[in-house]
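Take a look at the letters that make up each chain.
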Amino acid sequence: MQKFPIKGFNEGILITIREGNWKELQNDLLEQIDSESAFFNQAKIAIDVGERELGAAQISKLRDVLLDREIKLFAILSSSPKTESNASTLGLSTRSSLLQKKESRISAVIMDGEPGLVIAKTIRSGADIDFDGHVIVHGDLNPGAEINCTGSIFVWGKLRGSVHAGVEGRENAVVCAMQLDPIKLRIANRSYKDNKLLRKLRKKPVKVSLEHDKFVLDYWDS
Amino acid sequence: MAAKIVTITSGKGGVGKTTATANISVALAQLGQKVVCIDSDIGLRNLDVVLGLENRIVYDLVDVIEGRCRVRQAMIKDKRFDDLYLIPAAQTRDKSAVSPSDMVTLCEQISDEVDWILIDSPAGIERGFKNAIAPAQSVLVVTNPDVSAVRDADRIIGIIEAEEKGPARLIINRLNPQLIKRGDMLDAEDVLDLLAINLVGIVPEDETVIMSTNMGKPAATDEKSLAGQAFRNIARRLMGDDVPLLDLNLKEGIFHKISKIFNTGGE
């Protein structure tokens with residue numbers, strides 16, 4: 001049995017499949033997955049099939065057997081246009097659609113000499129964003145969604161979910177939002193609890209920071 | 001003719017997915033459309049009950065997928081409308097009997113014969129939900145104006161976006177103008193403000209829905225039912241008509257007076 005190279009990337013796990021008979025490769029892949037089932041449990045995977053031509057039936061078969069193992073096949077990457085078009089007919093992502101999505105929704109910038117993650121959409125319930133650096137959201141942060149980062153958090157919309165800025169204890173991290181009505185708000189090791197004041201400020205842009213271990217709320221206008 | 005494939009889902013259970021599917025299907029049939037609705041809630045079927053077709057079931061979805069019958073044989077014709085069909089779910093199996101690509105194949109087989117395929121999704125975000133949205137061209141999310149239903153709707157909208165089936169559209173079901181006025185229920189604007197997706201309709205809380213559901217006669221067939229009217233409007237909006245939202249305040253006037261009489265003692 002051959003081992004397939006596995007790589008982690010932003011959206012999930014990327015597996016590269018080399019030359020050979022498709023049926024055998026598929027069996028080898030499943031064997032590898034079954035032998036490392038803890039690692040693959042609930043995983044989202046993308047498969048790079050090189051220049052191989054795959055029919056829609058082959059792809060959907062693969063998707064089904066993976067789904068039986070609670071693994072979601074979300075993308076097929078290929079240099080064959082035929083394979084890519086079959087994959088996208090089945091609703092799977094392809095190299096081009098992944099690139100597009102990345103450009104329109106998530107990008108990285110440098111702020112104050114640190115990486116910043118820019119997310120250009122509303123973050124909905126169930127999403128959980130962990131990042132080493134700052135996080136900037138062009139949209140809302142809905143209840144049930146979470147951002148944890150080592151730097152500051154800026155929400156160009158309504159912040160109604162849970163946020164934790166400065167997770168490694170950095171006390172100069174700030175949280176800014178156009179409207180602030182969080183479920184949980186933490187900076188460094190402190191939790192914000194004065195909801196009365198927040199309610200007063202609810203419709204205004206607010207900046208929250210820590211000064212001498214106390215929370216300070218300012219209108220966010222600078 | 002290629003059918004428009006619409007999946008109706010919600011995340012949370014009990015918000016009215018099946019009621020919405022039944023009523024919109026009936027309303028589309030009333031507009032002269034040829035409609036197939038599919039109950040994908042395998043193991044917990046009830047679209048057949050709501051449509052009053054329970055006793056006509058011979059074959060079900062799993063029979064089709066496992067090749068025991070042809071799709072045509074599993075399509076149960078409605079009692080009232082010649083162009084409305086139901087493919088019922090199997091009651092004795094579970095979600096794993098069907099895969100997402102089975103659903104895609106099934107819809108492809110009937111797509112040429114009908115105008116609409118409406119798929120009633122089970123609650124949750126697991127296999128059954130994945131099956132239901134796999135063939136969808138568009139998705140309707142049903143929610144109630146309460147915090148937990150809206151939270152689940154938000155989650156499901158996020159998943160639909162991630163599956164690239166979006167943007168989903170919203171139906172707010174069981175809205176009670178009375179409770180909103182008292183400040184005890186979220187109003188439609190609160191819900192839309194949070195979910196930020198397009199609205200296809202607001203259905204008022206209406207006891208005729210419960211009665212008609214029990215009798216297997218969807219409220220959309222009842223000219224006098226306000227909820228039925230709301231569902232008929234949703235069907236027209238799906239057809240591309242520009243229909244204004246129902247004025248629920250008008251009706252509220254009467255409700256309000258009556259409930260005021262009842263409430264005076266309690267408050």
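Residues numbered from 1 in each chain as written. Chains lettered and ligands numbered in written order. Predicted model: local features only at pLDDT ≥ 70, side-chain atom pairs only at ≥ 80, totals over all residues.

### As for the overall build of chain A
Link 1 in the chain: Across its full length, chain A holds six helices and 16 strands.
Link 2 in the chain: On C-alpha atoms alone, chain A measures out to a radius of gyration of 22 Å, which is more than a quarter above the 17 Å that the 2.2 N^0.38 rule sets for 222 residues.
Link 3 in the chain: Projected onto its principal axes, the C-alpha coordinates of chain A cover approximately 65 × 30 × 30 Å.
Link 4 in the chain: Long-range pairs, those at least 24 residues apart, make up 29% of the contacts in chain A between residues at least 6 apart in sequence. (Helix = DSSP H or I, 4+ residues; strand = E, 2+ residues; numbered from the N terminus. Rg over C-alpha atoms; globule rule 2.2 N^0.38 Å. Contact = placed C-beta atoms within 7 Å.)

### Some words on the overall build of chain B
Link 1 in the chain: Within chain B, the secondary structure is distributed over twelve helices and eight strands.
Link 2 in the chain: Taken across its 267 residues, chain B has 52% of its residues classed as buried.
Link 3 in the chain: Taking contacts inside chain B between residues at least 6 apart in sequence as the whole, the part at least 24 apart equals 75%. (Buried ≥ 20, exposed ≤ 12 C-beta atoms within 10 Å, placed from the backbone.)

### Re the sheet that holds strand 3 (residues 76-77) of chain B
All names here are of chain B.
Link 1 in the chain: Read from one edge to the other, the open sheet built from eight strands follows the order 3-4-2-5-1-6-7-8, with strand pairing classed as mixed. Both edges of this open sheet fall to strand 3 and strand 8 (199-204), since each of them pairs with a single strand only.
Link 2 in the chain: Note: strand 6 (residues 138-143) against strand 7 (residues 169-175), four bridges, orientation parallel. Pairing of Thr143 across the sheet is with Ile172, part of strand 7.
Link 3 in the chain: Each of strand 1 (4-9), strand 2 (35-39), strand 4 (84-87), strand 5 (116-120), strand 6 and strand 7 touches helix 1 (residues 17-30); the most contacted strand, strand 5, lies at about 165° to it.
Link 4 in the chain: The strands touched by helix 9 (residues 188-195) are strand 6, strand 7 and strand 8; relative to strand 7, the strand with the most contacts, the crossing angle is about 150°. (Pairing = 2+ DSSP bridges. Axes fitted to C-alpha atoms, helices over the stretch in contact; angles between N-to-C directions.)

### Things to note about the interface of chain A and chain B
Link 1 in the chain: Between chain A and chain B, the residue contacts involve 14 residues of the former and twelve residues of the latter.
Link 2 in the chain: A class-by-class count of the residues in the side of chain A that touches chain B yields three nonpolar, seven polar and four charged. (Nonpolar A, V, L, I, M, F, W, Y, C, P; charged D, E, K, R; others polar.)

### Points about the domain arrangement of chain A
Link 1 in the chain: Here chain A is described as being made up of domain 1 (6-101) and domain 2 (112-219).
Link 2 in the chain: Placing the centre of domain 1 of chain A and that of domain 2 of chain A at their C-alpha centroids yields a distance of 36 Å. (Domains from an automatic or database assignment.)

### Brief notes about the environment of B:Asp63
Residues and elements named next belong to chain B.
Link 1 in the chain: Mapping Asp63 onto the fold places it in helix 3 (residues 61-65).
Link 2 in the chain: Judged by C-beta crowding, with 19 C-beta atoms within 10 Å, Asp63 ranks as partly exposed.
Link 3 in the chain: Distance from Asp63 to Ala90, taken between C-alpha atoms, is 8.0 Å for residues 27 residues apart in sequence.
Link 4 in the chain: Those residues in contact with Asp63 that lie beyond four places of it in its chain are Arg68, Cys69 and Ala74.

### Focus on the environment of B:Val35
All names here are of chain B.
Link 1 in the chain: Here Val35 is to be found in strand 2.
Link 2 in the chain: Since 25 C-beta atoms lie within 10 Å of it, Val35 is described here as buried.
Link 3 in the chain: Each C-alpha atom, one on Val35 and one on Val6, is 11 Å from the other, the two residues being 29 residues apart in sequence.

### Focus: the environment of B:Gly158
Link 1 in the chain: In this structure, B:Gly158 sits in helix 7 (residues 147-162).
Link 2 in the chain: The sequence separation of B:Gly158 and B:Ser148 amounts to ten residues, and the corresponding C-alpha distance is 16 Å.
Link 3 in the chain: Not counting residues within four places of it along the chain, the set of residues in contact with B:Gly158 comprises A:Arg124, A:Ser125, A:Gly126 and A:Ala127.

### Details of helix 11 (residues 226-238) of chain B
Residues and elements named next belong to chain B.
Link 1 in the chain: The end-to-end C-alpha distance of helix 11 is 19 Å, a good match for the 18 Å that 13 residues give at a rise of 1.5 Å each.
Link 2 in the chain: Regarding helix 11, the residues found buried are Ala227, Gly228, Ala230, Phe231, Arg232, Asn233, Ile234, Ala235 and Leu238.
Link 3 in the chain: Packing partners of the buried residues in helix 11 comprise helix 1, strand 7, strand 8 and helix 10 (207-215).
Link 4 in the chain: The positive-phi residue at the C-terminal boundary of helix 11 is Gly240, with phi of around 100°. (Expected span 1.5 Å × (residues − 1).)

### Looking at the sheet that holds strand 11 (residues 162-165) of chain A
Residues and elements named next belong to chain A.
Link 1 in the chain: The mixed open sheet is built from five strands, whose spatial order is 7-9-11-13-14. In the strand order of this sheet, the two ends are held by strand 7 (128-131) and strand 14 (190-191), each with one partner.
Link 2 in the chain: As defined by bridge partners, strand 13 (residues 184-187) adjoins strand 14 across two bridges and the pair is classed as antiparallel. The residue of strand 14 that forms the bridge with Ile187 is Arg190.

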